[in-house]
Amino acid sequence: MKLKVAQVIGLNTDQKAAQVISSSRNGDNSFFAVLDLACDDAFTKGRLGLSELSDFYFDFEGTPAEKLTAAFEKAKEKFASEEYSLLAASVSGKILYLESLDRSPLSHSPPF
């Protein structure tokens, strides 16, 4: 299946960055992630982190669901000391797999 991908992310600073990655290999397997990161040197850490996660996803042996879960766990380790929100997805064939986590201060507050 051929996917068309468009990426739009706002302005980044050294303290806060929102970034996206989309990678496809073997024509039938794609990895996507959106990261909102708040820390020192957020732009560089986010860019390198997403690139490493993409490589990890494609190098990991397993089903697409297992690969996504492993990559997601790797992200939780990598950004454990940071404030972040992450949405990771993979597409294999006609199946979409999603995982998300919000470790920002507002996510731990009561809704009202």
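Here the structure is shown first, and the text comes after it.
So, here's what we can say about the structure. (Residues numbered from 1 in each chain as written. Predicted model: local features only at pLDDT ≥ 70, side-chain atom pairs only at ≥ 80, totals over all residues. Heavy atoms only, no water.)

So, about the packing of aromatic side chains. Scanning the entire structure with this criterion turns up four aromatic pairs. With a centroid separation of 5.7 Å and 35 degrees between ring planes, the pair formed by Phe-56 and Phe-60 is classed as tilted. Among the aromatic residues, ring-to-ring pairing joins Phe-31, Tyr-57 and Phe-58 into one connected group. Looking at Lys-67, its charged tip hangs above the ring of Tyr-57, at a distance of 5.1 Å from the centre. (Phe/Tyr/Trp six-rings, centres within 6.5 Å; stacked < 30°, edge-to-face > 60°. Lys NZ or Arg CZ within 6 Å of the ring centre and 35° of its normal.)

Core analysis: the biggest nonpolar cluster contains 20 residues, and Phe-31, Leu-35, Leu-37, Phe-79 and Leu-86 have the highest contact counts within it. Secondary-structure elements contributing two or more residues to this core are strand E1 (16-25), strand E2 (29-38), helix H1 (42-59), helix H2 (64-78) and strand E3 (83-92). Residue contributions to this core peak at five residues, all from H1. Once residues within four sequence positions are removed from consideration, Phe-79 is found in contact with Leu-35, Leu-37, Lys-45, Gly-49, Leu-53 and Tyr-84. (Core = buried A, V, L, I, M, F, W, Y, C linked by side-chain atoms within 4.5 Å. Buried < 20%, exposed > 50% of the residue type's maximum accessible area, 1.4 Å probe, protein only. Helix = DSSP H or I, 4+ residues; strand = E, 2+ residues; numbered from the N terminus. Contact = heavy atoms within 4.5 Å.)

In a regular helix each residue adds 1.5 Å, so 15 residues correspond to 21 Å; H2 covers 21 Å between its end C-alpha atoms and thus fits that length. The inward-facing, buried residues of H2 contact E2, H1, E3 and strand E4 (95-102). (Expected span 1.5 Å × (residues − 1).)

Once that is clear, we can look at the pairing of E2. Taken across its 10 residues, E2 has seven buried, putting it largely inside the fold. In terms of strand pairing, E1 meets E2 through 10 bridges, oriented antiparallel. Within E2, the position partnered with Lys-16 by the bridge is Ala-38. Count of turn residues in the E1/E2 antiparallel hairpin: three residues, of which Asn-26 carries a positive phi of about 60 degrees. Pairing of E2 with E3 involves 10 bridges; the strand directions are antiparallel. In the strand pairing of E3, Asp-36 is matched with Ser-85. (Pairing = 2+ DSSP bridges.)

Attention now moves to empty space enclosed by the protein. Throughout the structure, instances matching the rule amount to one cavity of 30 Å³ or more. Phe-31, Ala-33, Leu-53, Ala-71, Phe-72, Ala-75, Leu-86 and Ala-88 are the residues that line the largest cavity. With three residues, the top contributor of residues to the lining of the largest cavity is H2. Its residues assigned to classes, the lining of the largest cavity shows eight nonpolar, no polar and no charged. (1 Å grid on protein atoms, 1.4 Å probe; cavity = no way out; pocket = protein on both sides within 12 Å on 5 of 7 lines; lining within 4 Å. Points joined across faces, edges and corners; volume = space filled by probe spheres on them. Nonpolar A, V, L, I, M, F, W, Y, C, P; charged D, E, K, R; others polar.)

We now examine the packing of H1 against H2. Between H1 and H2, the shortest axis-to-axis distance is 9 Å and the interhelical angle comes to 150 degrees. Taken as axis vectors, H1 and H2 run roughly antiparallel relative to one another. Considering how the two elements wind past one another, H1 and H2 form a crossing that is right-handed. When H1 is examined against H2, the residues Gly-49, Glu-52, Leu-53, Phe-56, Tyr-57 and Phe-58 are found in contact with a partner set consisting of Pro-64, Lys-67, Leu-68, Ala-70, Ala-71, Lys-74, Ala-75 and Lys-78. Class assignment of the residues belonging to the contact of H1 with H2 gives a composition of nine nonpolar, one polar and four charged. (Axes fitted to C-alpha atoms, helices over the stretch in contact; angles between N-to-C directions. Parallel < 35°, antiparallel > 145°, perpendicular 65-115°, else oblique. Left-handed = near helix turned anticlockwise from the far one by under 90°.)

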